[in-house]
Amino acid sequence: RCETCSKEEAKYRCPRCMKYSCSLLCVKKHKLALSCNGVRDKTAFVSVNEFTDLNLLSDYRFLEDVGRTADAAARHCIVHSPATKRLLQCLRNKARVCNIELKTLPVGFTKRRENSTTFNSMENKFYWHLKLVFPHCHAEYTLKRVPDDKTLTDILKPYIDPVESDPVVCQRLKIYTASPQSDVQILMKIENRSRNSVRYNELDASRSLLDNLKGKIIIEYPTLFVVLKTLKNDMVVLGKDGSEPVANSDSESSSISSMEEGEIRDSS
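This structure is a prediction, so every number in the text was calculated from the model and none was measured.

Peer 1: How do you make sense of the pattern of salt bridges when you look at a structure like this?
Peer 2: Side-chain pairs of opposite charge can arise whenever the charged atoms involved come near each other. Applying the stated rule across the entire model yields nine salt bridges. Between K42 and D65 there is a salt bridge, with its nearest N and O atoms 3.9 Å apart. In this pair, K42 sits in the loop between α1 (24–34) and α2 (53–75) while D65 sits in helix α2, placing the two residues 23 residues apart along the sequence. Relative accessible area serves as the criterion here: at 40%, K42 is assigned to the partly exposed category. On the basis of relative accessibility, which here comes to 29%, the residue D65 falls in the partly exposed class. When the shortest N-O distance is used, the salt bridge between R112 and E220 registers 2.8 Å. Of the two residues, R112 is situated in helix α4 (residues 110–114) and E220 in the loop between β9 (217–219) and β10 (223–228); the sequence distance between them amounts to 108 residues.

Pasting the structure below:
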């Protein structure tokens, strides 16, 4: 049966989320409800028991595409532009003054291409490119030119505030707007950790974006995960899982600095 209307026999299966649909209308409805783009995820996990020759061929073609993209990016004229290098170095230096370790990716990476973060020298202020992720509703929103002195509460108001949020967004994030503000938790992934040890930092919604980013590693731009404490999720907050304490910021900063020095030497 169709997993959208549950009435007709299914005729199609989404390559992305594997949902069954009976018609074009139901396909569009499921894409809208789940924020699904319908494109097969080439990096999705496949168990050894289910791995076939088609998966092997797909992986081989995917690696070829990655190689071509990386080669094209390395040859791009912007990579060797002195103005681009100066701009990125200026952003990293300004972030370091604010006790933020800002990492930039090579040209060709999606995050590098879509990042719109700037620094206003006249105002001495960052305007961040910011991504908000609402896991319980499978929703993502991208914000541009967010001033660093804006509090997280004000940033989230157009999305989860019952009064000030946009009606369309409010309906989509109904589970958030119906919950008390004290139940909302804002998390940010800790970078440079192994994949089997993913942890998140809990941010203070009453403080500014700049204050929350201090002492942390940012790869291109911040991504904030908005979750509800009463609902189950797989995000482990550092220091609250009982397995390890919060990392020392001084030692973390020193290790990050050594990494960036190596990066600069490699680029030179």
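Now that the structure has been shown, the text picks up again.
Peer 1: Can you help me understand α1 in this one?
Peer 2: An α-helical turn contains 3.6 residues, so a residue and the one three or four places further along point in the same direction. Those residues of α1 not exposed but buried are C26, V27 and H30. Within α1, the buried residues cover an arc of 105° as seen down the axis, which keeps them to one side. Exposed and oriented more than 90 degrees from the buried face of α1 are L24, L25, K28 and L32. The elements touched by buried residues of α1 are β1 (12–13) and β2 (20–21).

So, how was this worked out
- Residues numbered from 1 in each chain as written.
- Predicted model: local features only at pLDDT ≥ 70, side-chain atom pairs only at ≥ 80, totals over all residues.
- Heavy atoms only, no water.
- Salt bridge = Lys/Arg side-chain N within 4 Å of Asp/Glu carboxyl O.
- Helix = DSSP H or I, 4+ residues; strand = E, 2+ residues; numbered from the N terminus.
- Buried < 20%, exposed > 50% of the residue type's maximum accessible area, 1.4 Å probe, protein only.
- Arc of directions from axis to C-beta.
- Contact = heavy atoms within 4.5 Å.

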